[in-house]
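Understanding the architecture of this molecule
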Amino acid sequence: MDITENTATATPRRISGQTLWKQTWRIARTWPLIPLIIIGLLVSSAVFAPLIANKEAERGDIFFKNIPPIWYTEYYAQNPDDPKFILGADALGRDVFSRVVYGSRISITIAGIVLSAGAIGGTIIGLVAGYFGRNIDELLMRFVDLTFAVPFILVALVVVIVFGQSLTIIIVLLIAFSWGVFARQVRGETLVLREQDYVSMAKVVGASPVYILYRHLFPGVFNTLMVVASLRVGTLILAESVLSYLGVGVPPPTPAWGAMVSDGRDYIATAWWSTFFPGLAIFLTVLAFNFLGDWLRDRLDPRLRQLAD
Amino acid sequence: MRRFIVRRLVYGVVVIWLVSFLIFALSRMAGDPRQFFVDEYTTAESYEAMGRAMGLDRPLVVQYGLWFGNALTGDFGRSLYTRVSALDSILERMPATLQLTAGAFIFALITGIPLGVLSAVRRGTFWDYFGRTFALYGQALPGFWLGVMLVLIISVQFKLLPTSGKGDWTHYVLPAVTLGWGSAAAFVRLTRSAMLEILDSEFVKFARAKGVANQKIIWKHSFRNALIAPLTFSGILLAAFLTGAVVTEKVFAWPGMGSLAVQSVINNDFPVMTGSVMIFAGFFVGANFVVDILYAVIDPRIKYE
């Protein structure tokens, strides 16, 4: 009895009855858990910023200039009256933790809007260029080439002097810089798809070009679109942070990570925390999105391997 | 082949022309250029005279033609701040930027390529993980933050290297590493995937079957072929470096073209700004052109159309 029971249960136990630890490890290897956790934290900190941040992000008291993070117990023991700053205070006495939390709003908003607009615009242009071909294709692709050939940061600098610093300008600039990748990739896919029999059939039965593009070609390029989008998030967040580091991003005092790194640069020897944490936030966010993008690419479309290089 | 080169050349010229058009349009949108020169001694007559001298009474198309013609001869006007010719002040800063770029390029080459080879040859070992981690993390690190952190650790904590400015060779190390880091990561990725592909190819298997020594297979048969991708890529990198220099120069107060451009933005110094953009665009387009040609020369599979 014992023996039969053992043999009967032994085989399934090998497969599914692993220890909890092993199961977790297996899930962690197949699913991008850590990146998803980081992105989850990021999104929730953007959404719930007022609840998470325990101090005001845009105003500080100069009296609390460069107060160290909470684990500098010696400092807080000597100055028991000072308020506690989780990640310290910056040169204007503002809470670094609250600013980093609120900063995620800027990054997420910009990345979200730019990515949606760039993906939608780029997809439409790519579909049209790939499907109609000839002169339309040639013309549209030269515009794509142009977005790659222009030194983005410098043009952005000039645009910002002319129109002044604002969130809208940054978003418009980043859209102008990011739609080309989508257009190029979608066009390539469309060139292959439009030769398929089902597209010719649709044409034969009299489907309009708009209907073919939307109904027959768009679903075919959707996976590529997702992969390109997820690989672009990191680049976008980096580009935004570079602009705000150079002082042409979202106007102060709105906290943006890049600008925070720049503000703390002069106090690096006395208050490292005001540069370290915002930069770390950028790094982890970009890293998480890059990991997720790689994973999605391997899952949805392994042919796109060269995209990351 | 000749048609291909001519075609690429025409594209390059068109891009430069479009950039110039964009810059001119932007500069006119910024408002009347005379506003920069107005002071308490300006009268209505001198304002008009200034307008005539600058050609503002002519149609916009003519103004653009004049501006573009001057720009082609290298005349972008005088800096509104220093009154020095914009081209001269840019050219004066150019060597510093080129030196920084060269330093970054050398750093990226000597770290990226060996690490890429090593991680492909010792696949699945510590070196492979190290190389891949370096590649992944390197591409996610914001350059400006890396620079500040290097200053914090190496210059402030251990006092090994200077924090900023330009001087003897020690001043080059941190800026070059900061600027070259991302490209080193890209080199690791490119070299590794190229090496893996070649090590798996038929002719390498044949060489192994023939009994060629492992070292010879790696260096003579594979490495030479694997170098094609990273080397053609370096053309693109040179252009990327020039843009990256804008950021790195700001971090290290490096007296180059990038920091001049940023300064001119802060000062609303339009002639210097437009001059910098045009010169950077020229570098950019030139590098892209060379890469296109190199690709076509090295890889015959590319169609010249």
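These lines cover the structure that appears in this document, whether it is placed above or below. This one's a predicted model, so the numbers in the text were calculated from it and none came from an experiment.

**Describing the overall build of chain A**
- Helix and strand counts for chain A stand at 13 helices and zero strands.
- Taken from N to C terminus, the helices and strands of chain A fall in the order α-α-α-α-α-α-α-α-α-α-α-α-α.
- Relative to the 2.2 N^0.38 estimate, which gives 19 Å for 309 residues, the radius of gyration of chain A is 25 Å and therefore markedly larger than a compact globule would have.
- Principal axes of the C-alpha set define a box for chain A whose edges measure 85 × 80 × 30 Å.
- Evaluated residue by residue, chain A yields a buried proportion of 48% over its 309 residues.
- Here the contacts in chain A between residues at least 6 apart in sequence split such that 75% fall between residues at least 24 apart.
- Each charge class in chain A can be summarised by its mean position, and for the 25 positive and 23 negative side chains these summaries are 7 Å apart.

**A few points about the packing of aromatic side chains**
- On inspection of all chains with the given rule, the structure shows 25 aromatic pairs over all chains.
- When the centroid spacing of 5.1 Å and the interplanar angle of 80° are considered together, the rings of A:Phe276 and A:Phe277 count as edge-to-face.
- When its relative accessible area of 23% is taken as the criterion, A:Phe276 is described as partly exposed.
- One aromatic cluster is present, formed by A:Trp272, A:Trp273, A:Phe276, A:Phe277, A:Phe283, B:Tyr137 and B:Trp145 through successive ring pairs.
- Here A:Arg232 stacks its cationic end above the ring of A:Phe177, 5.9 Å away from the centre of that ring.
- Over the aromatic face of A:Trp31 sits the side chain of A:Arg299, whose NZ or CZ is 5.4 Å from the ring centroid.

**A word on empty space enclosed by the protein**
- Here the structure, examined in full by the defined rule, presents two cavities of 30 Å³ or more.
- Quantified by volume, the largest cavity comes out at close to 40 Å³.
- For the largest cavity, the full set of lining residues is A:Asp90, A:Val96, A:Arg99, A:Met260, A:Asp263 and A:Ser274.
- Going through the elements one at a time, α6 (96-132) and α12 (257-264) of chain A are the ones with two or more residues in the lining of the largest cavity.
- For the lining of the largest cavity, the class distribution of residues is two nonpolar, one polar and three charged.
- In this structure, the second largest cavity spans a volume of roughly 30 Å³.
- Lining the second largest cavity are B:Pro162, B:Thr163, B:Ser164, B:Gly165, B:His171, B:Pro175 and B:Phe252.
- Among the residues making up the lining of the second largest cavity, the classes are represented as three nonpolar, four polar and no charged.

**As for the pattern of salt bridges**
- Inspection of every chain in the model, using the stated rule, returns nine salt bridges over all chains.
- Salt-bridge contacts for A:Glu138 lead to A:Arg142; the nearest nitrogen and oxygen are separated by 2.6 Å. One end of the pair is A:Glu138 and the other is A:Arg142, both in helix α7 (residues 134-149) and four residues apart, which spans about a single turn.
- In this structure, the salt-bridge partner of B:Arg189 is A:Asp294, at a minimum N-O distance of 3.5 Å.

**So, the environment of A:Val144**
Residue and element names in this part refer to chain A.
- As for its placement among the helices and strands, Val 144 is situated in helix α7.
- Residue class for Val 144 comes out buried when judged on its relative accessible area of 0%.
- With 40 residues separating them along the chain, Val 144 and Arg 184 place their C-alpha atoms 7.2 Å apart.
- For Val 144, the residues in contact, after removing those within four places along its chain, are Trp 179, Gly 180, Ala 183 and Arg 184.

**Things to note about the nonpolar core**
- In this structure, A:Leu157, A:Leu246, B:Phe144 and B:Met273 are the most contacted members of the largest nonpolar core, which totals 152 residues.
- Top element by residues in this core is helix α11 (residues 209-245) of chain A. It accounts for 15 residues.
- Both domains that furnish three or more residues to this core are identified here as domain 1 (2-72) and domain 2 (86-298) of chain B.
- Ignoring anything within four residues of it in the chain, the contact list for B:Met273 reads A:Leu154, A:Leu157, A:Val158, A:Ile161, B:Ala261, B:Ser264 and B:Val265.
- If you look at the next biggest cluster of nonpolar residues, it comprises six residues, including A:Ala129, A:Leu140, A:Met141 and A:Val144.

**Points about the side chain of B:Ser264**
Residue and element names in this part refer to chain B.
- In this structure, Ser 264 sits in helix α11 (residues 257-266).
- Using a relative accessible area of 2% as the deciding quantity, one classes Ser 264 as buried.
- A distance of 2.6 Å separates the side chain of Ser 264 from the backbone oxygen of Ala 261, its partner in a polar contact.
- Apart from the residues within four sequence positions on either side, Ser 264 is in contact with Asp 269, Val 272 and Met 273.

**Focus on the interface of chain A and chain B**
- Listed as interface residues are 43 residues of chain A and, on the opposing side, 45 residues of chain B.
- Of the roughly 4000 Å² buried between chain A and chain B on both sides combined, carbon and sulfur atoms contribute 80%.
- Linking chain A with chain B are two salt bridges, by the criterion used here.
- Here B:Arg7 and A:Glu138 are joined by a salt bridge, their closest N and O atoms 3.3 Å apart.
- Our count for the contact surface shared by chain A and chain B stands at eight residue pairs in polar contact (both at pLDDT 80 or more).
- Elements supplying a minimum of two residues to the side of chain A that touches chain B: α7, α8 (152-163), α11, α12 and α13 (273-300) of chain A.
- Class assignment of the residues belonging to the side of chain A that touches chain B gives a composition of 31 nonpolar, six polar and six charged.

Reading the values: the criteria
- Residues numbered from 1 in each chain as written.
- Chains lettered and ligands numbered in written order.
- Predicted model: local features only at pLDDT ≥ 70, side-chain atom pairs only at ≥ 80, totals over all residues.
- Heavy atoms only, no water.
- Helix = DSSP H or I, 4+ residues; strand = E, 2+ residues; numbered from the N terminus.
- Rg over C-alpha atoms; globule rule 2.2 N^0.38 Å.
- Buried < 20%, exposed > 50% of the residue type's maximum accessible area, 1.4 Å probe, protein only.
- Contact = heavy atoms within 4.5 Å.
- Lys, Arg positive; Asp, Glu negative; His and termini not counted.
- Charge placed at Lys NZ, Arg CZ, Asp CG, Glu CD.
- Phe/Tyr/Trp six-rings, centres within 6.5 Å; stacked < 30°, edge-to-face > 60°.
- Lys NZ or Arg CZ within 6 Å of the ring centre and 35° of its normal.
- 1 Å grid on protein atoms, 1.4 Å probe; cavity = no way out; pocket = protein on both sides within 12 Å on 5 of 7 lines; lining within 4 Å.
- Points joined across faces, edges and corners; volume = space filled by probe spheres on them.
- Nonpolar A, V, L, I, M, F, W, Y, C, P; charged D, E, K, R; others polar.
- Salt bridge = Lys/Arg side-chain N within 4 Å of Asp/Glu carboxyl O.
- Core = buried A, V, L, I, M, F, W, Y, C linked by side-chain atoms within 4.5 Å.
- Domains from an automatic or database assignment.
- Polar contact = N/O pair within 3.5 Å; in protein donor to acceptor, adjacent residues only side chain to side chain.
- Buried area = accessible area lost by both parts, 1.4 Å probe.

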